[in-house]
Amino acid sequence: MEKKEKHKGCQCDCGFTRRGFLSSMGAGAVALAASGKIVTPAAAAGVKAPMDSLSIQLMINGRSQRLLVEPRWSLLYVLREHLGLTGVKIGCERGECGACTVLINDIPRYGCLTLAVEAEGSKITTLEGLMQGEDLGPVQQAFVEKDAFQCGYCTPGQIMAVEGLLRAKPRPSVAEIQREVSGNLCRCGAYVNIFKAADRAAELKRS
Ligand code: FES
Ligand code: FES
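Reading guide: rules and limits
- The residue count restarts for each chain, going from 1 along the sequence in the order it is written.
- Lettering for chains starts from A, numbering for ligands starts from 1, and both go in the order in which the items are written.
- Reporting of local features is limited, given that this is a predicted model, to residues whose pLDDT is at least 70; pairs of side-chain atoms are given and counted only at 80 or more, and all residues count toward the totals for whole chains, interfaces and linings.
- Only hydrogens and water are removed before side-chain values are computed, so all heavy atoms of the structure are retained for them.
- Numbering goes from the N terminus for both helices and strands, where a helix is a DSSP run of H or I of at least four residues and a strand is a run of E of at least two.
- Accessible area is worked out with a 1.4 Å probe on protein chains only. A residue is then buried under 20% of its type maximum, exposed over 50%, and partly exposed in between.
- Throughout, a contact is declared for two residues whenever any of their heavy atoms are within 4.5 Å.
- Throughout, the Shrake-Rupley method with a 1.4 Å probe supplies accessible areas, and for residues the shown protein chains are the sole cover considered.
- Polar contact is defined as a pair of N or O atoms within 3.5 Å, subject to the rule that within protein one atom must be able to donate a hydrogen and the other to accept it, and that residues adjacent in sequence are counted only when both atoms are side-chain atoms.
- Every residue is assigned a pLDDT by the predictor, reflecting its confidence on a scale from 0 to 100.
- Among the buried residues, those of types Ala, Val, Leu, Ile, Met, Phe, Trp, Tyr and Cys that are joined through side-chain atoms within 4.5 Å form a nonpolar core.
- When the centres of two rings from Phe, Tyr and Trp lie within 6.5 Å, Trp using its six-membered ring, the rings pair. Their planes under 30 degrees apart give stacked, over 60 give edge-to-face, and anything left gives tilted.
- Between any two strands, pairing holds if DSSP finds at least two bridges.
- Two distance rules govern patches: like charges are joined within 9 Å, and nonpolar side chains (Val, Leu, Ile, Met, Phe, Trp, Tyr) within 5 Å, applied only to residues with over 30% relative accessible area and no salt bridge.
- Throughout this description, the term salt bridge denotes a Lys or Arg side-chain nitrogen within 4 Å of a carboxyl oxygen of Asp or Glu.
- Throughout, an axis means a line fitted to C-alpha atoms (over the contacting stretch in the case of helices), and angles, computed between N-to-C directions, take values from 0 to 180 degrees.
- The cut-offs work like this: below 35 degrees is roughly parallel, past 145 is roughly antiparallel, 65 to 115 is roughly perpendicular, and the gaps in between are oblique.
- Each crossing is labelled by how the near helix is turned from the far one, with a counterclockwise turn of less than a right angle marking it left-handed and a clockwise turn marking it right-handed.
- Residues are grouped as follows: nonpolar covers Ala, Val, Leu, Ile, Met, Phe, Trp, Tyr, Cys and Pro; charged covers Asp, Glu, Lys and Arg; every other residue, Gly included, is treated as polar.

### Thoughts on the overall build of the protein
Here is step 1 of the chain: Scanning the protein from N- to C-terminus turns up seven helices and six strands.
Here is step 2 of the chain: Helices and strands appear in the protein in the N-to-C order α-β-α-β-β-α-β-β-β-α-α-α-α.
Here is step 3 of the chain: Considering the protein as a whole, with its 207 residues, one finds that 49% of them fall into the buried category.
Here is step 4 of the chain: At a minimum sequence separation of 6, the contacts of the protein that also span at least 24 residues come to 63%.
Here is step 5 of the chain: Only carbon and sulfur atoms are counted for the fraction: they give 52% of the accessible area of the protein, which is about 9800 Å².

As structure tokens, then:
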């Protein structure tokens with residue numbers, strides 16, 4: 001199966017890996033203001049952002065949020081550890097597995113290879129943003145219907161990849177589906193049903 005370009009999530013194409021700095025991350029993003037005020041775990045613990053923090057505005061799942069972040073923080077880190085959006089999974093943290101896939105301006109990207117500051121001004125969608133109130137969105141529903149997972153760890157990333165594909169191409173071919181999820185590794189080998197789920201999700205979205 002074809003693997004996607006090496007740095008799917010890296011907008012600068014620099015090849016920079018973040019494994020090292022992620023391990024040294026301390027707590028500390030402080031949500032400043034938002035359309036609704038957020039108290040992050042770090043803020044609740046009274047942790048102050050370092051002096052070199054930057055104030056950025058992110059649009060996440062339709063909600064505008066202003067945050068203080070360190071320039072080195074990945075979008076994955078900020079979404080999970082500071083905003084509690086745990087649908088974004090941590091896998092390899094170096095652009096190989098796709099567990100951290102989110103949509104940035106409707107295009108699937110690796111959150112581990114995207115700096116939070118790079119995402120400023122962009123529209124970010126996570127798995128949580130696909131919910132329709134209390135109901136599953138079409139792609140989530142299709143994955144359940146087609147039993148497209150085993151352990152489920154890769155599933156959020158697979159769903160976001162399929163969501164991105166269907167936003168760009170409502171009637172993808174099987175080859176296009178296979179290519180789209182080729183950057184999302186499934187160690188359980190659930191690919192056959194993942195392909196069926198993507199096809200079913202396209203149907204559900206059109207209905
Ligand atoms: S955690 Fe981002 S690609 Fe693996
Ligand atoms: S369902 Fe287990 S890794 Fe994909």
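### Details of the side chain of Gln140
Here is step 1 of the chain: With respect to the secondary-structure elements, Gln140 resides in helix H4 (residues 138–145).
Here is step 2 of the chain: A residue is classified by how much of its surface remains accessible, and Gln140, at 7% relative accessible area, is buried.
Here is step 3 of the chain: Polar side-chain contacts of Gln140 include one of 3.5 Å to the backbone oxygen of Leu127.
Here is step 4 of the chain: Discounting chain neighbours no more than four positions away, the residues touching Gln140 are Leu127, Leu130, Met131 and Ile159.

### Comments concerning the confidence of the model for the protein
In low-pLDDT regions, the fine details of the predicted coordinates are not to be read closely.
Here is step 1 of the chain: Summarising the model, the protein shows a mean pLDDT of 84, and 75% of its residues fall at 70 or more.
Here is step 2 of the chain: Taken as a whole, residues 1–39 scores under 50 in pLDDT and shows 97 contacts with residues more than four places along the chain or in a different chain.

### Some thoughts on the nonpolar core
Here is step 1 of the chain: In this structure, Val139, Phe143, Val162 and Ile194 are the most contacted members of the largest nonpolar core, which totals 26 residues.
Here is step 2 of the chain: Breaking this core down by element, the ones donating at least two residues are H4, helix H5 (155–168) and helix H7 (191–206).
Here is step 3 of the chain: The element that contributes the greatest number of residues to this core is H7, accounting for eight residues.
Here is step 4 of the chain: Residue contacts for Val162: discarding those within four places in its chain leaves Val139, Phe143, Val181 and Ala198.

### Some details on the packing of aromatic side chains
Here is step 1 of the chain: A complete count under the given rule lists two aromatic pairs for this structure.
Here is step 2 of the chain: Note on Trp73 and Tyr77: the rings are 5.3 Å apart at their centroids and 65° apart in plane angle, and the pair reads as edge-to-face. As far as burial versus exposure is concerned, Trp73 and Tyr77 are alike and both buried.

### Re the pairing of strand E3 (residues 63–69)
The side chains of a regular strand alternate, residue by residue, between the two faces of the sheet.
Here is step 1 of the chain: Relative to E3, strand E2 (residues 54–60) runs antiparallel, the two being bridged by seven bridges. Residue pairing for E3: Leu54 is matched across the bridge by Val69.
Here is step 2 of the chain: The antiparallel pairing of E2 with E3 creates a hairpin that spans two residues between the two strands, and Asn61 there sits at a positive phi of about 50°.

### Description of a nonpolar patch on the surface
Here is step 1 of the chain: Side chains of Met131, Leu136, Val144 and Phe149 sit close together on the surface and give an oily, nonpolar patch of about 300 Å² of accessible area.
Here is step 2 of the chain: If you trace the backbone, Phe149 turns up in the loop between H4 and H5.
Here is step 3 of the chain: Given the relative accessible area of 31%, Phe149 is considered partly exposed.

### Section: the packing of H4 against H5
Here is step 1 of the chain: At a minimum axis distance of 9 Å, the contact between H4 and H5 shows a crossing angle of 125°. By the criterion of interaxial angle, the relationship of H4 to H5 is oblique. Pair H4 / H5 crosses with right-handed handedness. Residue-level contacts link Val139, Gln140 and Phe143 of H4 to Thr155, Gln158, Ile159, Val162, Glu163 and Leu166 of H5.
Here is step 2 of the chain: Grouping the constituent residues of the contact of H4 with H5 by class yields five nonpolar, three polar and one charged.

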